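Analysis of the macromolecular model
So you can see what is in the structure, the chains are spelled out below.
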Amino acid sequence: MKNAICTFCGNVCDDIEFDGTVGKNLCPIGEAKFAAKRRMEAPTIEGEKVSYEEAIERAAEILVNAKRPLLYGWASTVNEAIKLGVILAEKLGGIYDQCSSVCHAPSTLAMIEEGIPGGTLGQAKNRADVIVFWGCNPVEAHPRHPSRYSVMARGFLTKGRQYRHIVVVDVRKTATAYLATEFYQIKPGYDFAVFTALRSIVNGHEDAVPDEVGGLSKEKLKELADVLMDGKYGVIFYGLGLTHSRGQDRNVECIVKLVQTLNRQTRYILQPMRGHFNVVGAGAVAAWEAGYEYAIDFSRGYPRFSPSEFTAVEALLRKDCDAALIVASDPAAHFPKKAVERLAEIPVIQIDPHPNVTTLLADIVIPSAIVGIEAEGTVYRMDGIPLRVKKLRETEYWSDYQILRLMLDKVIQMKGE
């Protein structure tokens, strides 16, 4: 099949050819996604194989009897399933949280405060003559990004690499830095200070900038500011190097303000480099349904948003949840030790195509079809563009949507609604 979609990273590349076993036009990470892997054979309850119906019935009982269940994951499934997850959390009076709470959540907080001067990857490909990668390393995290959308991409107005000025700003020389026209190495934790200095120079107040800021001399800062201002159409891509260094959401607020300042004399857009293929959908669908993207608590019968209380990690550390439904995620491999220890104390229901670390502590395991290969649906690319992922081969595994649809029906039936 031609024009299949790779469901691994936020690029969501839509030019994949797949013959049922081998895919073409895949990056090394995409090849791993499409390669045959160990699967869970059947649903299990306490290790005993059961039918899908039995596993879902028991899962619904656990969730209904819980006082405040946690429903977490969602970044690697389709929007249709995510919608059911939000409704399920509301019916159960539980907490809805998704993977961005441990990665790009500071971006969400900054966008609430400042908005975002955003655009699309198509605009970057076709128009950008200046591209900045700040605190991100697409060569290793989004391998086809440089060739499809940024560094080497041939657009309608910008015809290729020789017409682009590529800037990389990071605390170390990454693989992406070797593609750059200029690489600027800054001190860890000084992003906010460097943004502030650049804004001062762009605003014509370079006299207020000290001789050195964040490891960059004043001359280097002026050089970088000149590159930014000389661009006719610029794109700044940023990653977790910005959201998880000192300042976090304040860093993102400051880079938004830098872009706003640049837009007084030229044109720039800002784009976070999102990881999971539908982490944007995990936030957007929740925002449609409940008004917030993550850390949503329904225990009072209406949605409340508080990242310091209702993210999965915080809820587990505070022992505020007494059961967990984990969908398309592996928190046991990524959460802090104390949060995983709490997860091991409560009943855990896992829905996932493949076994992972969380499977080891799950009471109920429900294997699902692989999105984009065995199940179809709608996802959002990192720039918010919706794409319809296809079903490429038949399977006996149920899709996330089928599993959650029956689970929601069971919950409604058990609650007598």
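We now turn to the structure provided with this report. If you're wondering where the values come from, they're calculated on a predicted model, not measured in any experiment. Each residue is numbered by its place in its chain's sequence as written, counting from 1. Under the rules for a predicted model, residues below a pLDDT of 70 receive no local features and side-chain atom pairs below 80 are neither given nor counted, while totals for whole chains, interfaces and linings still include all residues. To obtain the side-chain values, all non-hydrogen atoms of the structure were included, while hydrogens and water were left out.

1. Topic: the overall build of the protein chain
The helix and strand labels rest on DSSP assignments: H or I over at least four residues marks a helix, E over at least two residues marks a strand, and numbering proceeds from the N terminus. Helix and strand content of the protein chain: 17 helices and 20 strands. Based on C-alpha atoms, the radius of gyration is set beside the globule rule, defined as 2.2 Å times the residue count to the power 0.38. Its C-alpha atoms give the protein chain a radius of gyration of 23 Å, within 12% of the compact-globule value 22 Å for 417 residues. Structurally, the protein chain occupies a C-alpha span of about 70 × 50 × 35 Å along its principal axes. Within the span of the protein chain, comprising 417 residues, buried residues form 57% of the whole. When contacts within the protein chain are restricted to residue pairs at least 6 apart in sequence, those whose partners lie at least 24 apart make up 69%. Computed with a 1.4 Å probe, the accessible areas rest on the Shrake-Rupley method; for each residue, only the protein chains presented here act as cover. As presented, the protein chain carries roughly 17400 Å² of accessible surface, and 49% of it is formed by carbon and sulfur atoms. Charge assignment in this entry is limited to Lys and Arg as positive and Asp and Glu as negative, and neither His nor the chain termini are counted. Lys charges are placed at NZ, Arg charges at CZ, Asp charges at CG and Glu charges at CD. Averaging the positions of the 49 positive and the 52 negative side-chain charges in the protein chain gives two centres separated by 4 Å. For the exposure calls, accessible area comes from a 1.4 Å probe over protein chains only, and a residue counts as buried if that area is under 20% of its type's maximum, exposed if over 50%, partly exposed in between. The contact rule is simple, with two residues in contact once any of their heavy atoms fall within 4.5 Å.

2. Description of the sheet that holds strand β3 (residues 44-45)
Two strands are said to pair when DSSP picks up at least two bridges between them. What the 9 strands build is an open sheet, ordered β4-β3-β18-β17-β16-β5-β6-β14-β15; its pairing is mixed. The two strands at the open ends of the sheet, each matched to only one other strand, are β4 (48-49) and β15 (304-305). Sheet analysis places strand β5 (residues 70-73) next to strand β16 (residues 324-327), joined by 4 bridges and oriented parallel. Following the sheet pairing, Leu70 is matched in β16 by Ala324.

3. Focus: the packing of aromatic side chains
Stacked, edge-to-face and tilted labels apply to pairs of Phe, Tyr and Trp rings (six-membered ring for Trp) whose centres lie within 6.5 Å, assigned for plane angles under 30 degrees, over 60, and everything in between, in that order. All chains considered together, the criterion is met by 9 aromatic pairs. Consider the rings of Phe18 and Phe34, whose centres lie 5.0 Å apart with planes at 65°: the pair is edge-to-face. Taken together, the positions of Phe18 in strand β1 (residues 17-18) and Phe34 in helix α1 (residues 28-34) put the pair 16 residues apart, joining distant regions of the chain. The residues Phe18 and Phe34 share a single accessibility class, namely buried. Measuring from centroid to centroid gives 5.1 Å for Tyr72 and Phe335, while their planes differ by 65°, and the two rings are edge-to-face.

4. What about the sheet that holds strand β13 (residues 268-272)?
Read across the open sheet, the 5 strands follow the order β9-β8-β7-β12-β13; overall the sheet is parallel. At either end of the open sheet lies a strand with only one pairing partner, and these are β9 (182-185) and β13. Neighbour-to-neighbour, the strand axes of the sheet open up by a mean angle of 15°, direction not taken into account. Relative to strand β8 (residues 165-170), strand β7 (residues 130-134) runs parallel, the two being bridged by 5 bridges. Note on definitions: angles span 0 to 180 degrees between N-to-C directions of axes, and those axes are lines fitted to C-alpha atoms, for helices only across the stretch in contact.

5. Section: the environment of Ala333
Mapped onto the elements, Ala333 comes out in helix α15 (residues 331-334). Take Ala333: its relative accessible area is 40%, and that puts it in the partly exposed class. For the pair Ala333 and Thr358, spaced 25 residues apart in sequence, the C-alpha to C-alpha distance is 7.0 Å.

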